[in-house]
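# An overview of the molecular structure
Here is what each chain is made of, one letter per residue.
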Amino acid sequence: MKLSELIQDLSFREMHHFKDAEITGITANSKEVEPGNLFIAIGGTLLDGHQFIAEAVSRGAAALVVEKEVPNPKRIPIFHVVNSRLALSGLASCWFGNPSQNLSVIGVTGTNGKTTITYLLEAIFQEAGKKSGIIGTVNQRFDGKEIPSSHTTPESIEIHHILKEMKEHGVEYAVMEVSSHAIDMRRVEHVLFDTVIFTNLTPEHLDYHKSMELYFEAKKRLFTQLLPKGKGGKLAILNAEDRYGLKLVDSLKEHPVWTYSTHSQSKWNFFVQNWESSLEGMKATISAPDGPLEISTRLIGAFNLSNILAAIAAAISFKIPHQAITKAIENFSGVPGRLEKIENQMGYHILVDYAHTPDALKNVLKTIKALDPPRIITVFGCGGDRDRSKRPIMGREVARLSNVAIVTNDNPRTEDPDQIVQEILPGIEEGGMKQGQDCFIELDRKKAIELAIQ
């Protein structure tokens, strides 16, 4: 692609030494630069791409996009922009042919439920005979191809590359988990969403966002600034049980909005008329604008019923028939690591869940406790290099809602595992458990699981 074509929609403050050239690729990693590439220098949290301009040029960069003044002895084209991440998003979309314009893109954001909703939608589209692709926490996948994920939402170059491949493989619907980091770092700025779902907001990533209000403002941008509004505006699907979901309802006066709730209230677009649950699954009657749906599922818990409502609303927005929706939900086996049932010959209910926030852990344990099992043994830990304030809170919830707690490692990263445990224990004690009686510490995760089984 010619440089002049690539930068036609780029907003820049200054441009120097312009001469048109054939661009062979774009990258924000100086070590990946190949001759003829456009290099975008980004100021990261640990490293600043502007420090690697010389390396990029020595590797053959044909042009530069920067935020700061940098040396340019070879006098190659250089574009000064206000925000390199925003520039990268637009350049990536242009480089890959603006692929989101040719797909129906569904964004799912919120603290919890994103992965389950994307999996449910994938199953529904498949049952309806539609080709879909997923970009999310577990992986990126489409048409039998799977790519491991390093982030919930990839960098913008990867996003548009994947969307382009999806389109080339005949995908009609791209379903994407959208993290608050991705919104704040402008990774999804040039993705044209057709429908965006908001699940909930609970304390998480406060080491990055610093407060719940700033966390909410990051999520809110996806709806108020990135979702087309007015005549022909795109649809927002919002959880009316969540107070931040209700705040969004009040904020989106110029958007079409659908709401959902597990409570039986007819003022919402989608709600549950009645439901029953056991450790084997759930049955429910769902009220929808185009008529009720009778569903049966192997998933358990009110939070999963909420996830199902969001998926149903999105599917109906694309006119997927009720029969395909209910059959897909009935056959849906679940999501790896999301209250995943481990079949066994011992007669135990063994469940694995990804819960890594106090609210998610509380919801899982409350769901299980409500089904009145004889005893709940919880094996858990807290990740390192993440929000430390949630550690005692998670300990407290486990102690309140379990009969036995086994504290173990959960990816300590660069932190001392013993120190993480020491920050969990005050919450365990606050919740009423005592170490050595009903709370045990085993940092070897495999041994901790064996102890729980024993």
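Our subject is the structure listed above.
Model, not experiment: these values are computed from the prediction. (Residues numbered from 1 in each chain as written. Predicted model: local features only at pLDDT ≥ 70, side-chain atom pairs only at ≥ 80, totals over all residues. Heavy atoms only, no water.)

### A closer look at the overall build of the chain
- Along the chain, the regular secondary structure elements total 15 helices and 21 strands.
- The C-alpha radius of gyration of the chain comes to 24 Å, within 12% of the 22 Å expected for a compact globule of 454 residues.
- Across its three principal axes, the chain shows a C-alpha extent of roughly 75 × 55 × 40 Å.
- Evaluated residue by residue, the chain yields a buried proportion of 52% over its 454 residues.
- Restricting the contact set of the chain to residue pairs at least 6 apart, pairs at least 24 apart contribute 62%.
- Carbon and sulfur atoms provide 48% of the accessible area of the chain, an area that totals close to 20,700 Å².
- Put simply, the chain has 50 plus and 56 minus side-chain charges, and the middle of one group is 3 Å from the middle of the other. (Helix = DSSP H or I, 4+ residues; strand = E, 2+ residues; numbered from the N terminus. Rg over C-alpha atoms; globule rule 2.2 N^0.38 Å. Buried < 20%, exposed > 50% of the residue type's maximum accessible area, 1.4 Å probe, protein only. Contact = heavy atoms within 4.5 Å. Areas by Shrake-Rupley, 256 points an atom, 1.4 Å probe, with all protein chains shown as cover. Lys, Arg positive; Asp, Glu negative; His and termini not counted. Charge placed at Lys NZ, Arg CZ, Asp CG, Glu CD.)

### With respect to the sheet that holds strand β11 (residues 195-198)
- The strand order across the open sheet formed by 11 strands is β9-β8-β7-β10-β6-β11-β12-β13-β14-β15-β16, and the pairing between neighbours is mixed. Of all the strands in the sheet, the pair left with one neighbour each is β9 (145-148) and β16 (293-297). Direction aside, the axes of adjacent strands within the sheet are offset by 15° on average.
- Pairing geometry for strand β8 (residues 139-142) and β9, over 4 bridges, is antiparallel. By the bridge assignment, Gln 140 is partnered in β9 with Ile 147.
- Where helix α9 (residues 243-251) meets the sheet, its contacts fall on β11, β12 (235-239) and β13 (257-261), and the angle it forms with β12 comes to roughly 145°. (Pairing = 2+ DSSP bridges. Axes fitted to C-alpha atoms, helices over the stretch in contact; angles between N-to-C directions.)

### Side note on the sheet that holds strand β2 (residues 25-27)
- One open sheet holds the 5 strands; their spatial order is β1-β5-β4-β3-β2, and the pairing between them is mixed. The sheet is open, and its two borders are formed by β1 (14-16) and β2, each paired with just one other strand. Between one strand axis and the next, the sheet turns through 15° on average, direction left out of account.
- As defined by bridge partners, β1 adjoins strand β5 (residues 78-80) across 3 bridges and the pair is classed as antiparallel. In the strand pairing of β5, Met 15 is matched with Phe 79.

### Side note on α9
- Within the span of α9, buried status applies to Tyr 244, Gly 245 and Leu 248. Take α9 and look down its axis: the buried residues cluster within an arc of 105°, on one side only. Opposite its buried face, α9 presents the exposed residues Arg 243 and Asp 250, each directed more than 90 degrees away.
- Looking at the buried side of α9, the elements it contacts are β11, α8 (212-224) and β12.
- Where α9 begins, the capping side chain belongs to Asp 242, and its oxygen is found 2.8 Å from the backbone nitrogen of Tyr 244. (Arc of directions from axis to C-beta. Polar contact = N/O pair within 3.5 Å; in protein donor to acceptor, adjacent residues only side chain to side chain.)

### Looking at the pattern of salt bridges
- Considering all chains together, one arrives at 21 salt bridges under this definition.
- With a shortest N-O distance of 3.5 Å, Asp 194 and Lys 234 are connected by a salt bridge. Of this pair, Asp 194 sits in the loop between α6 (180-184) and β11 while Lys 234 sits in the loop between α8 and β12, placing them 40 residues apart in sequence.
- Judged by its relative accessible area of 28%, Lys 234 is partly exposed.
- Among the salt bridges present, the one from Arg 391 reaches Glu 415, with a minimum N-O distance of 2.6 Å. Placement of the pair is Arg 391 in helix α13 (residues 390-401) and Glu 415 in the loop between β20 (404-407) and α14 (417-430), with a sequence separation of 24 residues. There is no split in this pair, since Arg 391 and Glu 415 are both buried. (Salt bridge = Lys/Arg side-chain N within 4 Å of Asp/Glu carboxyl O.)

### A few points about the pairing of strand β6 (residues 104-109)
- Burial of β6 is extensive: 5 of the 6 residues sit out of reach of the surface.
- Across 5 bridges, β6 lies against strand β10 (residues 173-177) in parallel orientation. Each residue of the ladder has a partner; that of Val 108, found in β10, is Glu 177.

### Points about the packing of aromatic side chains
- One pass over the structure, following the stated rule, counts 8 aromatic pairs.
- A centroid spacing of 6.3 Å and a plane angle of 75° characterise the contact between Phe 198 and Phe 223, whose relative ring orientation is edge-to-face. Highlighted residues: Phe 198 in strand β11 and Phe 223 in helix α8, separated in sequence by 25 residues.
- What makes Phe 198 buried here is its relative accessible area of 0%.
- The exposure class assigned to Phe 223 is buried, which follows from its relative accessible area of 0%.
- Taken together, a centroid distance of 5.1 Å and an interplanar angle of 45° make the contact between Phe 216 and Tyr 244 tilted. Here Tyr 244 lies in helix α9 and Phe 216 lies in helix α8, a separation of 28 residues in the sequence. (Phe/Tyr/Trp six-rings, centres within 6.5 Å; stacked < 30°, edge-to-face > 60°.)

### With respect to the nonpolar core
- One finds Leu 121, Ile 197, Ile 286, Ile 295, Ile 312 and Ile 325 to be the most contacted residues of the largest nonpolar core, which totals 43 residues.
- For this core, the element with the most residues is helix α10 (residues 302-317), which contributes 10 residues.
- Ile 197 has contacts with Ile 106, Gly 107, Val 108, Thr 109, Ile 117, Leu 121, Phe 223, Ile 237, Tyr 260, Ala 310 and Ala 314, leaving out every residue within four places of it along the chain.
- Core analysis: the next-biggest nonpolar cluster, separate from the first, contains 31 residues, Ile 135, Phe 142, Met 166 and Leu 238 among them. (Core = buried A, V, L, I, M, F, W, Y, C linked by side-chain atoms within 4.5 Å.)

### Here's the deal with the side chain of Arg 187
- Structurally, Arg 187 is set in the loop between α6 and β11.
- Exposure remark for Arg 187: the relative accessible area of 6% places this residue in the buried category.
- A polar atom in the side chain of Arg 187 sits 2.7 Å from the backbone oxygen of Thr 153.
- With residues near it in sequence (within four places) discarded, Arg 187 still touches Ser 89, His 151, Thr 153, Pro 154, Glu 155, Ser 156, Ile 159 and Ala 182.

### A word on the pairing of β10
- With respect to burial, β10 is a largely interior element, 5 of its 5 residues being buried.
- Neither face of β10 is exposed, since Tyr 173, Val 175 and Glu 177 on one face and Ala 174 and Met 176 on the opposite face are all buried.

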